[in-house]
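An overview of the molecular structure
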Amino acid sequence: MKKKLFFSLALALAAGAPGLFAANQYGIPDNIQDCNILHCFDWTFSDIKAELPKIAEAGFGAIQVSPVQGNCNTGAEWFYAYMPYDFAFKANGNGTRAQLQSLCQEAEKYGIKIVVDVVANHVNQAAGYHDTWWDSNGRVRWNGGVDYGNRYSITHNQLGEYGDVNSEDAQVQARAKAFIEDLKSLGVKGIRWDAAKHIGLPSEGCNFWPQVCSVAGMWHYGEILDGPGGDKYKLLKEYTDNISVTDSEYSDWTRSQVCNGQVPTGGGSWTANGVPSTGIVYWGESHDTYSNDGQYGVNSALISQDKIDRAWAIGACRNGESSLYFSRPAATSRTAIKMGQKGSTHFTSKEIAAVNHLRNAMAGTSDYYSHSNGVACITRAGGGACIVVGAGGSRQVSVANGGEYVPAGTYVDEVSGNTFTVTSSTISGQVGPTGIAVIYGEV
């Protein structure tokens, strides 16, 4: 049976008895790195739980939730979640321990894994807003602000006004590991590490990552904005010995190209310099680019959703790399975005689901990136393709069948329903108004 037909049948079965069918009924791979991640930024656990059937149908294999370390109650500005009380669960506006556990249990029925955003580089500096354990034995360092031209400063100095957690300290590492073990006991399957580049590596005398990643059965990825400093690619490769990392360079470049009506001229940035594809996470936008009023160089809240979608799609159907899809809050300014407010459900749109379906169906097969005339084409061996028109809109295209990966034949675009013809060298057809076409499973 063709992969596309298998997926359609699986959805029909699952729709008849929600929650009774395992991951393979939705075509969701077992490993988070082989899936794409839906970022339910500031959503409550209850709101996420209610959307699980639609999230599964859209093909997302994991859901990222906001930090659970306290100091951000319902209706508080989102950034207080990044000023944690401790390396421990402390109910936020997103919900209680019991609600997180219930979400994890229900998500598992759909083959979806829950990823928790963890802040480990700093705690809230205000007295009474952090556990007093942090006030002794040099567990927090006050060494002045970060010099981003100096790797030692990046890993030892203050991020803004927040004291730097002494990640080299064995007791600090043990406390962080115990937190990961506790989250695992609730059913959490993955961790997103905030400000990961500010936490050192074994070659730098810091054993934090091997310690926290020694908890069996957990997937980890770390936020690396721009680069880690120092010997960039050597350091990135060492990070990926333990965790995946965000390639913000390629993500930002891709978004910039799409905003200019173009597509990237290459299929990767850090991967082109030896960082393994299985250690990379892309995005179309992140909570930082959306929620900080442009403090990180771009205010993606001012960019239309369709452009973000096309940028995301270019990185979201690869072999190895995962990609984060951000559920946009209704508010767009830093102080108006609040904890506990449900974001956009645009992730259910045909074009987003189609990209996920292709990625899931082609798990483990090689990919090939090609581009011409403002159109990107990612082919998957075996085979299928995602075609993205940088400028968007309906367009007749004839693009390279990269690697001759897609078998010759006639295909139907899952997004528009248009017919595409594939030969050994070309893929031709009409991309629909979203600017995204996805084909796999010959008619």
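In what follows, the accompanying structure is described. (Residues numbered from 1 in each chain as written. Predicted model: local features only at pLDDT ≥ 70, side-chain atom pairs only at ≥ 80, totals over all residues. Heavy atoms only, no water.)

1. So, the pairing of strand S6 (residues 190-194)
- Buried residues dominate S6, accounting for five of its five residues.
- Relative to strand S7 (residues 219-222), S6 runs parallel, the two being bridged by four bridges. Within the sheet, the bridge partner assigned to Ile191 lies in S7 and is His220. (Buried < 20%, exposed > 50% of the residue type's maximum accessible area, 1.4 Å probe, protein only. Helix = DSSP H or I, 4+ residues; strand = E, 2+ residues; numbered from the N terminus. Pairing = 2+ DSSP bridges.)

2. Remarks on the packing of helix H8 (residues 248-259) against helix H10 (residues 305-316)
- Interaxial distance between H8 and H10 falls to 9 Å at its minimum, and their mutual angle equals 135°. As summarised for this structure, H8 and H10 are arranged oblique, according to the angle between their axes. Here H8 runs over H10; the crossing is right-handed. Residues Tyr250, Thr254, Arg255, Val258 and Cys259 of H8 touch H10, and the partners they reach there are Lys307, Ile308, Arg310, Ala311 and Ile314.
- In terms of residue class, the contact of H8 with H10 is made up of six nonpolar, one polar and three charged. (Axes fitted to C-alpha atoms, helices over the stretch in contact; angles between N-to-C directions. Parallel < 35°, antiparallel > 145°, perpendicular 65-115°, else oblique. Left-handed = near helix turned anticlockwise from the far one by under 90°. Contact = heavy atoms within 4.5 Å. Nonpolar A, V, L, I, M, F, W, Y, C, P; charged D, E, K, R; others polar.)

3. Observations concerning the packing of aromatic side chains
- Evaluation of the coordinates by the stated rule reveals 22 aromatic pairs.
- Each ring, one from Trp193 and one from Trp209, has its centre 5.4 Å from the other, and the planes form 85°; the classification is edge-to-face. One end of the pair, Trp193, is in strand S6; the other, Trp209, is in helix H6 (residues 208-212), with 16 residues separating them in the sequence. Neither residue differs from the other here; Trp193 and Trp209 are each classed as buried.
- Aromatic pair Tyr368 and Tyr405: ring centres 6.2 Å apart, planes at 90°, arrangement edge-to-face. Placement of the pair is Tyr368 in strand S11 (residues 367-372) and Tyr405 in the loop between strand S14 (395-400) and strand S15 (409-412), with a sequence separation of 37 residues.
- By relative accessible area, Tyr368 is classed as partly exposed at 39%.
- By the ring-pair criterion, three or more aromatic residues cluster together here, those being Phe41, Trp78, Phe79, Tyr80, Tyr82, Tyr290 and Phe326.
- Directly above the aromatic system of Tyr85 lies the positively charged group of Lys90, at a separation of 4.9 Å from the ring centroid.
- Sitting over the ring of Trp133, Arg175 keeps its end group 4.1 Å from the ring centre. (Phe/Tyr/Trp six-rings, centres within 6.5 Å; stacked < 30°, edge-to-face > 60°. Lys NZ or Arg CZ within 6 Å of the ring centre and 35° of its normal.)

4. A look at the nonpolar core
- Residues Leu183, Trp193 and Trp209 are the most contacted members of the largest nonpolar core, which totals 88 residues.
- Discounting chain neighbours no more than four positions away, the residues touching Trp209 are Trp193, Ala196, Ile199, Gly200, Leu201, Tyr239, Asn242 and Ile243.
- Formed by 16 residues, the second largest nonpolar core is a distinct cluster that contains Trp78, Phe79, Tyr82 and Val119. (Core = buried A, V, L, I, M, F, W, Y, C linked by side-chain atoms within 4.5 Å.)

5. Examining the sheet that holds strand S13 (residues 384-389)
- Strand order in the open sheet formed by four strands is S11-S12-S13-S18, and the pairing between neighbours is antiparallel. A strand with exactly one partner marks an edge of an open sheet, and here the two such strands are S11 and strand S18 (436-440). Here the average twist between neighbouring strands, direction ignored, is 15°.
- Pairing between S11 and strand S12 (residues 375-380): six bridges, direction antiparallel. In the strand pairing of S12, Asp367 is matched with Arg380.
- Here H10 sits on the sheet and contacts S11, S12, S13 and S18; the angle it forms with S13, its principal contact strand, is near 145°.

6. Focus on the sheet that holds strand S10 (residues 322-326)
- A barrel is described by the order of its strands in space; here eight strands give the closed sequence S1-S2-S3-S6-S7-S8-S9-S10, paired in parallel fashion. Adjacent strand axes in the sheet meet at a mean angle of 25° when their direction is disregarded.
- Two strands pair when backbone bridges link them, and strand S9 (residues 280-283) and S10 are joined in this way by three bridges, in the parallel orientation. Bridging across to S10, Tyr282 finds its partner in Ser323.
- Those strands touched by H10 are S9 and S10, and its axis lies near 165° from that of S10.

7. Details of helix H3 (residues 97-109)
- Over its 13 residues, H3 runs 19 Å from end to end, which matches the ideal 18 Å to within 8%, given 1.5 Å per residue.
- Those residues of H3 that fall on the buried side of the exposure criterion are Leu100, Leu103, Cys104 and Ala107. One side of H3 carries all its buried residues, which in axial view fall inside an arc of 100°.
- Count one or two residues on from H3 and you reach Gly111, which has phi positive near 80°. (Expected span 1.5 Å × (residues − 1). Arc of directions from axis to C-beta.)

8. Some remarks on the pattern of salt bridges
- One pass over the full model with this rule turns up 15 salt bridges.
- Residues Asp182 and Arg97 are paired through a salt bridge, measuring 2.7 Å at the closest nitrogen-oxygen approach. Of the two residues, Asp182 is situated in helix H5 (residues 170-185) and Arg97 in helix H3; the sequence distance between them amounts to 85 residues.
- Residue Asp182 is classed as partly exposed on the basis of its relative accessible area, which comes to 22%.
- With a closest N to O distance of 2.9 Å, Arg310 and Asp306 form a salt bridge. Here Asp306 and Arg310 lie together in helix H10, a separation of four residues that amounts to about one turn.
- Its relative accessible area of 37% is what places Asp306 among the partly exposed residues. (Salt bridge = Lys/Arg side-chain N within 4 Å of Asp/Glu carboxyl O.)

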